[in-house]
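Descriptive analysis of the structure
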Amino acid sequence: MNLSIVTASDSATLAGTNATLGIKDGVLLGTGGKFTWETVGLPQAYAVLDNYSMDIRNPRLKAESSTLTYTDKLANPIKGVFEFQSKKRPKNVVSTFPRFMSFKNDAVLKKSADFEYKGGFALSGNTVLSSSIQEKYTTIVVKKDGKVAFKISGRKFTVGDSLITSPAATFTGYFAEKDSIYHPSGKLIYDRLQQNLRLSKVDDGGFKEASYTDSYHKLEITADAMRWSLRDHKVDFYILVAKNVVPALFESFDYFNPERFNKISETFSFNPLVVVNNYAKKNNLTTVKLSELAKAYNKDL
């Protein structure tokens, strides 16, 4: 049978399903059926549901397991959670339903000339997101002329035909063969059509004041934002002060500031850098793992 859900805001159909309605509790229990994203302009995307339930007094249908096929985007069908709910909304505003979220971070998008994608996959209405039940990191590799230009990873990406955005993404931009510019977490906007990247400070968290690391020039770069034009091979760093733009601060890897060094001790009753240095010298090491230090000083990570 076909199950139609009709409200003042929506009209959608679950085709080819089997269902039983509990008259007393008003809960519909069903299995199977195909639900498309036609209501949001994506008829080529559809989910085949396993078992599902719906309270007929509140048109919300949910399947804890389903298979999404989206031939325009996905290389292969993927498993995940499906949900449809009809909600009142302003006229001409596209619904954020149907929704799908993959179980795992193993979704692979179809091959593209400008980027590769592996991670979570979600559809919220007609918007593609990188979410998954696992909540692991998604990795996107952007290419220019067949070569890797930069790599970004994070838990939240919105991936469109023209823009890729994220509220917090780890960034590594490659140049001069094996060298790179790195930032642990920035707010990202990448224009795929214009090949322009903008990375700025995250809204909050420990990485808000983090510097960029330039391995080629051996520099730490303090800046509010970075602009990179892949077409022009040009990178700009800048600091925003009120309505003005001022130059960024560039410091050598070898630069030492005694004041800054001593300030580290203010947070603790010791200087962590001294602890690492002493441990490395004592054990004749050039690199030290955090787990080794924790074990040596009987501390929990």
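Structural notes, computed from the coordinates. Here the structure is a predicted model, which means the values were calculated and not measured. (Residues numbered from 1 in each chain as written. Predicted model: local features only at pLDDT ≥ 70, side-chain atom pairs only at ≥ 80, totals over all residues. Heavy atoms only, no water.)

Side note on the overall build of the chain
The helix and strand tally for the chain stands at 3 helices and 26 strands. Here the C-alpha radius of gyration of the chain, 25 Å, is well above what a compact globule of 301 residues would show, namely 19 Å. Seen through its principal axes, the chain has C-alpha atoms that stretch 75 × 50 × 40 Å. When each of the 301 residues of the chain is scored for burial, the buried share is 37%. For the chain, the proportion of contacts with a sequence separation of at least 24, taken over those separated by at least 6, is 43%. With the model as given, the accessible surface of the chain reaches about 18,300 Å², and the carbon-plus-sulfur share is 52%. (Helix = DSSP H or I, 4+ residues; strand = E, 2+ residues; numbered from the N terminus. Rg over C-alpha atoms; globule rule 2.2 N^0.38 Å. Buried < 20%, exposed > 50% of the residue type's maximum accessible area, 1.4 Å probe, protein only. Contact = heavy atoms within 4.5 Å. Areas by Shrake-Rupley, 256 points an atom, 1.4 Å probe, with all protein chains shown as cover.)

Overview of the packing of aromatic side chains
Tallied over the entire structure, the rule returns 12 aromatic pairs. Between Phe150 and Phe171, the aromatic rings sit 5.6 Å apart at their centres with planes inclined by 40 degrees, giving tilted as the arrangement. Here Phe150, found in strand β16 (residues 147-154), pairs with Phe171, found in strand β18 (residues 163-175); they are 21 residues apart in sequence, far enough to count as distant. As far as burial versus exposure is concerned, Phe150 and Phe171 are alike and both buried. Taken together, a centroid distance of 5.7 Å and an interplanar angle of 55 degrees make the contact between Phe256 and Phe261 tilted. Among the residues examined, Phe261 registers a relative accessible area of 26% and is labelled partly exposed. What links up through ring pairs into an aromatic cluster is the set Phe35, Trp37, Phe82 and Phe84. In this structure, Lys34 packs its charged tip against the face of Tyr46, placed 4.2 Å from the ring centre. In this arrangement the basic side chain of Arg99 is found over the ring face of Phe97, its NZ or CZ atom lying 4.0 Å from the centre. (Phe/Tyr/Trp six-rings, centres within 6.5 Å; stacked < 30°, edge-to-face > 60°. Lys NZ or Arg CZ within 6 Å of the ring centre and 35° of its normal.)

Description of unusual backbone geometry
Each neighbour pair has its own omega, and for Phe97 with Pro98 the value is 0 degrees, a cis peptide bond. When you line up the elements, Pro98 lands in the loop between β9 (78-85) and β10 (99-102). Positioned with a positive phi, Glu135 is a non-glycine residue whose angle comes to about 60 degrees. Tracing the backbone through its elements, the reader meets Glu135 in the loop between β14 (127-129) and β15 (138-144).

Some thoughts on the nonpolar core
Ranked by internal contacts, the top residues of the largest apolar core, which has 56 residues, are Trp37, Phe121 and Phe150. Beyond its immediate stretch of four places on either side in the chain, Phe150 contacts Ile140, Val141, Val142, Phe171, Thr172, Gly173, Tyr174, Tyr190, Leu197, Trp228 and Leu230. (Core = buried A, V, L, I, M, F, W, Y, C linked by side-chain atoms within 4.5 Å.)

Digging into the environment of Glu135
Exposure remark for Glu135: the relative accessible area of 56% places this residue in the exposed category. Glu135 sits 20 residues away from Arg155 along the chain, and the two C-alpha atoms are 6.5 Å apart. With sequence-adjacent residues up to four places away left out, Glu135 is seen in contact with Asn105 and Arg155.

Quick word on the pattern of salt bridges
In total, this model carries 13 salt bridges according to the counting rule given. Asp114 serves as the salt-bridge partner of Arg192, at 2.9 Å between the closest nitrogen and oxygen. Taken as a pair, Arg192 in the loop between β19 (179-191) and β20 (196-200) and Asp114 in the loop between β11 (107-108) and β12 (115-119) lie far apart in primary sequence, 78 residues in all. Judged by its relative accessible area of 15%, Asp114 falls in the buried class. Note that Arg260 and Glu251 form a salt bridge whose closest N and O atoms lie 3.0 Å from each other. (Salt bridge = Lys/Arg side-chain N within 4 Å of Asp/Glu carboxyl O.)

A look at the side chain of Lys144
Examined against the element boundaries, Lys144 turns out to sit in strand β15. Once you skip the residues sitting within four places of it in the chain, Lys144 turns out to touch Ala149, Gln195, Leu230 and Arg231.

Topic: the pairing of β19
Across 10 bridges, the pairing between β18 and β19 is antiparallel. Residue pairing for β19: Gly173 is matched across the bridge by Ile181. Where β18 hands over to β19, the hairpin turn is made up of 3 residues, of which Ala176 adopts a positive phi near 50 degrees. As paired strands, β19 and strand β21 (residues 212-214) are joined by 2 bridges and run antiparallel to one another. Along β21, the bridge assignment pairs Ile181 with Asp214. Note: β19 against β20, 5 bridges, orientation antiparallel. Residue pairing across strands places Asp191 opposite Asn196, the latter belonging to β20. Connecting the antiparallel pair β19 and β20 is a turn made up of 4 residues, with Gln195 showing a positive phi of about 60 degrees. (Pairing = 2+ DSSP bridges.)

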